[in-house]
Amino acid sequence: MREQWRQRWREGRIGFHRNDTHPALAHFWPGLDIAAGTKVLVPLCGKSLDMHWLADAGHPVLGVELAPEAIEQFLDEQQASRSQAGVSRYRQGGFAVARQGMVELWQGDFFHLHIRQVDEIGAFYDRASLIALPPATRQRYALHLAQLVPPGAQGLLVSLQHDEGDHGPPYSVNKAEIDMLFTPNFVLTELGSGSRDAQGRMESVWGLCRRGPLA
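A brief structural summary. (Residues numbered from 1 in each chain as written. Predicted model: local features only at pLDDT ≥ 70, side-chain atom pairs only at ≥ 80, totals over all residues. Heavy atoms only, no water.)

### Let's talk about the pattern of salt bridges
Two side chains carrying opposite charge are able to pair once their charged atoms lie near each other.
For step 1, the next point in the chain: Evaluation of the coordinates by the stated rule reveals 6 salt bridges.
For step 2, the next point in the chain: Taking the shortest distance from any N to any O, the salt bridge between K175 and D179 comes out at 3.2 Å. Placement of the pair is K175 and D179 together in helix 6 (residues 175-182), with a separation of 4 residues, close to one helical turn.
For step 3, the next point in the chain: Classification of D179 by relative accessible area gives partly exposed; the value is 23%. (Salt bridge = Lys/Arg side-chain N within 4 Å of Asp/Glu carboxyl O. Helix = DSSP H or I, 4+ residues; strand = E, 2+ residues; numbered from the N terminus. Buried < 20%, exposed > 50% of the residue type's maximum accessible area, 1.4 Å probe, protein only.)

Next up, the structure:
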């Protein structure tokens, strides 16, 4: 799966990438009442422009991405379009880290990220992480996310449903599966859902709040 993901980036097969901020982030994030200065974890971040929206809202951002191609594209494009300051680079454990302004990008396997490696994460945002993972990996993802954030941490999850079965990415993840994956360790609130698009895909938006110690 790792090589397949990197191949998609090398070939530009990144139809999941948006060239603007996701409207659900701008609409629902303020309602979570997450204080400015709270560090936000963005798993499987790609080169999402949502990271700069979060940074502009006053949040240090920690994005984790397997494909170095995605990180380099993000840095180059943002430096050109936003006159960003230079990039500082260092290594942290098994990750190559690049920092640009308030956005810190960790290149490596999200499942190898340990809470002891980073300053405390107080919030998280998932627009295309869960739906990028095949069914067998999603439970591992939900548990690992719970291990990385403290009790009380809030987050926003944008999921997707479609009628193509297990074809993906993006994969279809319905409400029943989201309940199964996250309710052991998070309080879930369904915030809204859209209508199906021309491809028969429908997004749903969830607020999550980390419960106490791991279930």
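Back to the write-up after that little detour.
### A closer look at the sheet that holds strand 9 (residues 202-210)
For step 1, the next point in the chain: Across the sheet, 9 strands lie side by side as 3-4-5-2-1-6-7-9-8; this open sheet has mixed pairing. Each end of this open sheet is capped by a strand with a single partner; those strands are strand 3 (88-92) and strand 8 (186-193). On average, each strand axis in the sheet is tilted by 20 degrees relative to the strand beside it, whichever way the strands run.
For step 2, the next point in the chain: Bridging between strand 1 (residues 40-42) and strand 6 (residues 123-126) involves 2 bridges; their strand directions are parallel. Bridged to V40 within strand 6 is A123.
For step 3, the next point in the chain: Contacts between helix 6 and the sheet are confined to strand 7 (154-161), strand 8 and strand 9, with strand 8 contributing the most and set at about 155 degrees to the helix. (Pairing = 2+ DSSP bridges. Axes fitted to C-alpha atoms, helices over the stretch in contact; angles between N-to-C directions. Contact = heavy atoms within 4.5 Å.)

### Structural notes on the nonpolar core
For step 1, the next point in the chain: The biggest cluster of nonpolar side chains holds 32 residues, and the ones touching the most others in it are L41 and F182.
For step 2, the next point in the chain: Within the residue set of this core, elements represented by two or more residues are strand 2 (61-65), strand 4 (95-100), helix 5 (135-148), strand 7, helix 6, strand 8 and strand 9.
For step 3, the next point in the chain: Considering every element that reaches this core, the biggest residue donor is helix 5, with 5 residues.
For step 4, the next point in the chain: Every residue in contact with F182, bar those within four places of it in the chain, is listed here: L130, Y141, A142, L145, L157, L188 and L208.
For step 5, the next point in the chain: Within the second largest apolar cluster, 24 residues are counted, among which are V40, C45, L54 and V103. (Core = buried A, V, L, I, M, F, W, Y, C linked by side-chain atoms within 4.5 Å.)

### Notes on the packing of helix 5 against helix 6
For step 1, the next point in the chain: Interaxial distance between helix 5 and helix 6 falls to 9 Å at its minimum, and their mutual angle equals 45 degrees. With respect to their mutual orientation, helix 5 and helix 6 come out oblique. Two packed elements cross with a definite hand, and for helix 5 against helix 6 that hand is right-handed. Residues R138, Q139, Y141, A142 and L145 of helix 5 form the contact with helix 6, whose own contacting residues are E177, M180, L181 and F182.
For step 2, the next point in the chain: Each residue belonging to the contact of helix 5 with helix 6 can be placed in one class, and the counts come to 6 nonpolar, 1 polar and 2 charged. (Parallel < 35°, antiparallel > 145°, perpendicular 65-115°, else oblique. Left-handed = near helix turned anticlockwise from the far one by under 90°. Nonpolar A, V, L, I, M, F, W, Y, C, P; charged D, E, K, R; others polar.)

### Points about the side chain of H22
For step 1, the next point in the chain: Take H22: it is sitting in the loop between helix 1 (2-11) and helix 2 (23-28).
For step 2, the next point in the chain: Contacts of H22, omitting those with residues within four sequence positions, involve D50, Y125, R127, V158 and E203.

### Quick look at helix 6
For step 1, the next point in the chain: Residues E177, I178, L181 and F182 constitute the buried set of helix 6. For helix 6, the angular spread of buried residues about the axis comes to 110 degrees, placing them on one side.
For step 2, the next point in the chain: Tucked inside the fold, the buried residues of helix 6 contact helix 5, strand 7, strand 8 and strand 9.
For step 3, the next point in the chain: Among the residues of helix 6, the N-terminal cap falls to N174, whose side-chain oxygen and the backbone nitrogen of A176 are separated by 3.3 Å. (Arc of directions from axis to C-beta. Polar contact = N/O pair within 3.5 Å; in protein donor to acceptor, adjacent residues only side chain to side chain.)

### A few points about unusual backbone geometry
For step 1, the next point in the chain: One non-glycine residue with positive phi stands out, namely D33, at about 55 degrees.
For step 2, the next point in the chain: For D33, the position within the fold is in the loop between helix 2 and strand 1.
For step 3, the next point in the chain: Look at D33 and you get exposed, because its relative accessible area is 68%.
For step 4, the next point in the chain: Phi angles above zero are rare outside glycine, and L44 is one such case at about 45 degrees.
For step 5, the next point in the chain: Inspection of the secondary structure assignment puts L44 in the loop between strand 1 and helix 3 (50-56).
For step 6, the next point in the chain: For L44, a relative accessible area of 21% gives the class partly exposed.

### Focus on the side chain of H59
For step 1, the next point in the chain: On the secondary structure map, H59 appears in the loop between helix 3 and strand 2.
For step 2, the next point in the chain: Engagement of the side chain of H59 in a polar contact is seen with the side chain of W29, the distance being 3.2 Å.
For step 3, the next point in the chain: In this structure the side chain of H59 is engaged in a polar contact, spanning 3.0 Å, whose partner is the backbone oxygen of T38.
For step 4, the next point in the chain: Ignoring any residue separated from it by four or fewer positions in sequence, one finds H59 in contact with W29, I34, A35, A36, G37, T38, V40, L54 and M102.

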